[in-house]
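# Chain and residue survey
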Amino acid sequence: MTALTGPYLSAARTALDLAGHAAVADHWAEPSALEGFTVGGLAAHLLGQVTSVTAALDADHAGKETVSLHEHYARAAWLAADIDNAYNTAIRAGGERSAEDGPEAVLADAGKALERLAGELPGLDAARVTGNVKWAYAMGLDDFLATRILELVVHADDLAYSTGVDTPVFDGEAFASAAALLAHLAAARHGQPALVRALARAERAPAVISGL
């Protein structure tokens, strides 16, 4: 079992529980806190971090270049990009298409995927190469799970805020993985001193330190 299998499965369960909250279904067709996303589209995108893993495991990644976790983000077309760039527009469109099936269907698909992953992931090791089927490159399994954990943690807060629900508390290891990755991205974007000051020196902290 990889180091992040347990944290990923825990994070996925937390996200599925949140998406199943009655407030999400009640506000499904309404705008979310993220521009261009309805609540339903955002919920579908959140749960896509579960279904995309089953799709990744089923895909053939032979012949693809294998990149590291940090190299993946260095290449990411969406990172710090305008919300209307082609990549971000496609992400929103995909979420909205999935949301058209309604909350019950979206939840059922994610629940089925999570049940499969709970049985399959513990038997895999970190040497397995996988990744999003749309990427031109592949990653080690643990690196890929780290990207999904980050998405689950960040978008769970977006969904909770959008519906007036308390943001869920994630498993400590899952949150540590997301926090470490966000810190790396923030330092890469703003510099190490800015990150240190934001976390340790409020009197000279920068106004903006977002890693995404």
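Note that the structure is predicted; figures quoted are calculated from it, not measured.

Reading the values: the criteria
Residues numbered from 1 in each chain as written. Predicted model: local features only at pLDDT ≥ 70, side-chain atom pairs only at ≥ 80, totals over all residues. Heavy atoms only, no water. Helix = DSSP H or I, 4+ residues; strand = E, 2+ residues; numbered from the N terminus. Expected span 1.5 Å × (residues − 1). Buried < 20%, exposed > 50% of the residue type's maximum accessible area, 1.4 Å probe, protein only. Salt bridge = Lys/Arg side-chain N within 4 Å of Asp/Glu carboxyl O. Contact = heavy atoms within 4.5 Å. Axes fitted to C-alpha atoms, helices over the stretch in contact; angles between N-to-C directions. Parallel < 35°, antiparallel > 145°, perpendicular 65-115°, else oblique. Left-handed = near helix turned anticlockwise from the far one by under 90°. Nonpolar A, V, L, I, M, F, W, Y, C, P; charged D, E, K, R; others polar. Phe/Tyr/Trp six-rings, centres within 6.5 Å; stacked < 30°, edge-to-face > 60°. Lys NZ or Arg CZ within 6 Å of the ring centre and 35° of its normal.

### Side note on helix α7 (residues 141–163)
- Spanning 23 residues, α7 covers 33 Å between terminal C-alpha atoms, matching the ideal 33 Å at 1.5 Å per step.
- With respect to burial, α7 is a largely interior element, 19 of its 23 residues being buried.

### A closer look at the pattern of salt bridges
- For the structure shown, the criterion picks out 5 salt bridges.
- In this structure, the salt-bridge partner of Arg75 is Glu65, at a minimum N-O distance of 3.0 Å. Within this pair, whereas Arg75 is found in helix α4 (residues 69–75), its partner Glu65 is found in strand β1 (residues 65–66), the two being separated by 10 residues in sequence.
- On the basis of relative accessibility, which here comes to 36%, the residue Arg75 falls in the partly exposed class.
- The residue Arg116 makes a salt bridge to Glu120 at a minimum N-O spacing of 2.8 Å. Note that Arg116 and Glu120 are positioned in helix α6 (residues 103–120) at a spacing of 4 residues, about one turn of the helix.
- Classification of Glu120 by relative accessible area gives partly exposed; the value is 26%.
- Three or more residues joined by partner-sharing salt bridges are found here, namely Asp58, Arg116 and Glu120.

### A look at helix α1 (residues 5–19)
- If you check α1, its first and last C-alpha atoms are 21 Å apart, about what 15 residues at 1.5 Å a residue would give, namely 21 Å.
- With 12 of its 15 residues buried, α1 lies for the most part within the structure.
- For α1, every residue scored as buried is listed here: Thr5, Pro7, Tyr8, Leu9, Ser10, Ala11, Ala12, Thr14, Ala15, Leu16, Leu18 and Ala19.
- Buried residues in α1 make contact with α2 (22–26), α3 (39–58), α6, α7 and α8 (172–190).

### Brief notes about the packing of α3 against α6
- At a minimum axis distance of 9 Å, the contact between α3 and α6 shows a crossing angle of 45°. As judged from the angle between their axes, α3 and α6 are oblique. In the packing of α3 onto α6, the handedness of the crossing is left-handed. Where α3 abuts α6, its residues Ala44, Leu47, Val50, Thr51, Val53, Thr54, Leu57 and Asp58 lie against Val106, Leu107, Asp109, Ala110, Ala113, Leu114, Arg116, Leu117 and Glu120.
- In the contact of α3 with α6, the residues fall into 11 nonpolar, 2 polar and 4 charged.

### Re the packing of α8 against helix α9 (residues 192–200)
- Interhelical geometry of α8 versus α9 gives an angle of 125° and a closest axis separation of 6 Å. Relative to α9, the element α8 is oriented oblique. Here α8 contributes Ala183, Ala186, Ala187 and His190 to the contact with α9, which in turn contributes Gln192, Ala194 and Leu195.
- The residue inventory of the contact of α8 with α9, partitioned by class, reads 5 nonpolar, 2 polar and no charged.

### A closer look at the packing of aromatic side chains
- Inspection of the entire model under this criterion finds 2 aromatic pairs.
- Each ring, one from Trp135 and one from Phe144, has its centre 5.7 Å from the other, and the planes form 85°; the classification is edge-to-face.
- Within the aromatic cluster, the residues linked to one another by ring pairs are Trp135, Tyr137 and Phe144.
- In this structure, Arg75 packs its charged tip against the face of Tyr137, placed 5.4 Å from the ring centre.

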